[in-house]
Structures are given as structure tokens and as C-alpha cells.
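Observations on the three-dimensional arrangement
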Amino acid sequence: MMGYFSDKVVWITGASSGLGAELAKQLSREGARLILTGRNAAALEAVQQQCQTACKILPADLEKDATPELAAAALAAFNQVDILINNAGITQRALAEDTLPEVERRLMEINFFAPVMLTRQLLPHFRERKGGQIVVISSMAGLMGFPLRTTYAASKHALKGYFETLQVEHTIPGFDITIVSPGRVNTPISLNAVTASGAAHNQMDEGQANGIPVADCAARILKAMRRKEKHVIIARSERVLWWLRKNISPLYYTIARKAGMKHS
Ligand SMILES: NC(=O)c1ccc[n+]([C@@H]2O[C@H](COP(=O)([O-])OP(=O)(O)OC[C@H]3O[C@@H](n4cnc5c(N)ncnc54)[C@H](OP(=O)(O)O)[C@@H]3O)[C@@H](O)[C@H]2O)c1
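Owing to the predicted nature of the structure, the values given are computational and were not obtained by experimental measurement. (Residues numbered from 1 in each chain as written. Predicted model: local features only at pLDDT ≥ 70, side-chain atom pairs only at ≥ 80, totals over all residues. Heavy atoms only, no water.)

**Concerning the UniProt feature "domain: Ketoreductase" (unreviewed entry) in the protein**
Mapped onto the present numbering, the UniProt feature "domain: Ketoreductase" (unreviewed entry) falls on residues 8-188. Strand forms 17% of residues 8-188 and helix 45%; the C-alpha atoms that close the span are 28 Å apart. (UniProt positions renumbered as here; feature names shortened; annotations may be inferred. Helix = DSSP H or I, 4+ residues; strand = E, 2+ residues; numbered from the N terminus.)

Spelled out as C-alpha cells, the structure:
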């Protein structure tokens, strides 16, 4: 039976680990053809081997290689891209005043500029084909601040602002954008988080260890894509904090500080 994803070509960034790898496996089970991007080619190959449908790897460092040439290579893989999932990202575990400027730029390059650059390269293709879909993996930290993540939160707020505006202004028929704001998900993201100097945090934080199972998060994202939801929040206690932020903000400031600073 033909489903929403059958035969669609989906380009996933950050497909070598965590949420991106899980999205690849679930999309393959749904019949999608895949293009997998990340730096770690061996890890991409391992994910490729677990996919049952046509799957190509396109290794790239999105800090510097989110270029027209990379988008052209993705388009050449199957002669079309139906869906781009801007998922690659790194987080932060450092106080603002300690974080080196080059580390802040790195966070912005990977988390914000790379999705913008890849999206811009695909828009003419979507216009020509009268359709296409972009998924943007933001974060609850794209809706409110959380300690030790100033530039991470800034990059995710920037993503939300850019893609929400694109949702409102674009004129491409059949083109949809889904913005995803997950709370903590059980992936290795905290191990890969940058500290003030740029070195890896290398610790599995409690929040991630007890976070939403990655398979549940990916399944909810697929559902949001099928329904063409404009914005989806996938969170547990972060949802309460977000409610407090909007409705009883003094409590948000106290609780976020207490919860977030304990790892500093
Ligand atoms: N886990 C959570 O609690 C959580 C919560 C909210 C939002 N998110 C968001 O979810 C997305 C996926 O994160 P995750 O939890 O799955 O973390 P993860 O397991 O650390 O995966 C991050 C992915 O991003 C890729 N990546 C990092 N730097 C890159 C670069 N310079 N060039 C290309 N690819 C790069 C990594 O691939 P390589 O190492 O191979 O380059 C990896 O595949 C991120 O955008 C993150 O901000 C996660």
C-alpha cells in the first residue's frame, strides 16, 4: 500500500547518530529513499546498512560545507529531493561569559546557517516541482532560555524565527514547513555538547538519559510531517516550564535557574 513517504526522497542531516539515525530507519520502513549527511562516514554507512530502501550517504561537515555544491550533490543522488530534514546540531554546556567567540560561531554555523543555506538551495527545486517539505529540528530551547546553553538557545530561537517567517511569506505551491521543538530526548547529544573551549562535554546528562525515547520522538515527527503540522512540541516537563514562562514567568526564572545550573 502506498503511504505518505513511499518512494519520496528524504535528505536527512545529522543522520549518523541519535534522532537523525532513528528518523532514517523509520522512514526507510515507510518506503522512503534516503540521503544521509553527517561528518562520520563510517557511522553513516552503519545506518545505511540498517535501511531497507535505496539509501545514499553524502558525508559533509556542515560547519563549512553547507554549500550550493553539497545541495547539488544531494539533488543528483536521485535527481530529486522531496523532503529535507534539517536535523544536524550540537548543543552547549558552558556559562555565557566563559564561552569562546569561536565556539559561539560554530554553534551558529551548524545549528542555524547550515539549515538556512541548504533550504535556500532547495527552494527553486521545490518551486519547479510545485511541492516539497522542510523539517526543522529546533528545541524547547528555541522557545525559552535554559542555563549553560546561551548560544544553543540563540541558534534555535533563530531557526524558529527564520522558518516561521518563511512559513508565512513563501509563495511556493505545495510547499510545507514543519518546525519541531523537542524537550530532552535520549540521544548522545550531551556527550557531543561543546564546553566553553569547544572541547566535548563527554558526559551523558541526566536529562538526556531520562529523556523521551528516541523512537517515540521520531515517530511523532513522522506523524507531524504526514499531517503537515506547522509546529510541534514533543516534550514532558519542559512543556510545564514553557507554560510557566508564558503564564507565571517569575516561577519559570526560578525553576529554570535551579534545574539548569546544577551541572555548572
Ligand atoms: N537530544 C535532545 O535532548 C534534543 C533536544 C532538543 C533538540 N534536539 C535537536 O535534535 C537534533 C539531533 O540531535 P541528537 O539529539 O540526535 O544528537 P546527536 O546524537 O549528537 O546527533 C547530532 C547529529 O548532528 C551531526 N552533526 C554535528 N555536527 C555536525 C557537523 N559539523 N556537520 C555535519 N553534521 C553534524 C552529527 O553527525 P557527525 O558527528 O557525524 O557529524 C549527528 O549525526 C539537533 O538539532 C538537536 O539540537 C535534541
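This is not the end of the story, as more comes after the structure.
**Here we look at the site of the ligand**
Every one of the 32 residues lining the ligand counts as a neighbour, but Ser17, Arg39, Asn87, Tyr152 and Thr187 are closest to it. Note that an oxygen atom of the ligand is positioned 3.0 Å from one of the backbone N or O atoms of glycine 14. Between lysine 156 and the ligand, the recorded distance is 2.9 Å, taken from a side-chain N or O atom to an oxygen atom. For the ligand, the protein covers 95% of the area, taking 880 Å² as the surface of the free molecule. Of all the secondary structure elements, the ones that give two or more residues to the shell around the ligand are helix H1 (18-29) and helix H5 (150-169). A class-by-class count of the residues in the shell around the ligand yields 13 nonpolar, 14 polar and five charged. (Near = heavy atom within 4 Å. Polar contact = N/O pair within 3.5 Å; in protein donor to acceptor, adjacent residues only side chain to side chain. Areas by Shrake-Rupley, 256 points an atom, 1.4 Å probe, with all protein chains shown as cover. Nonpolar A, V, L, I, M, F, W, Y, C, P; charged D, E, K, R; others polar.)

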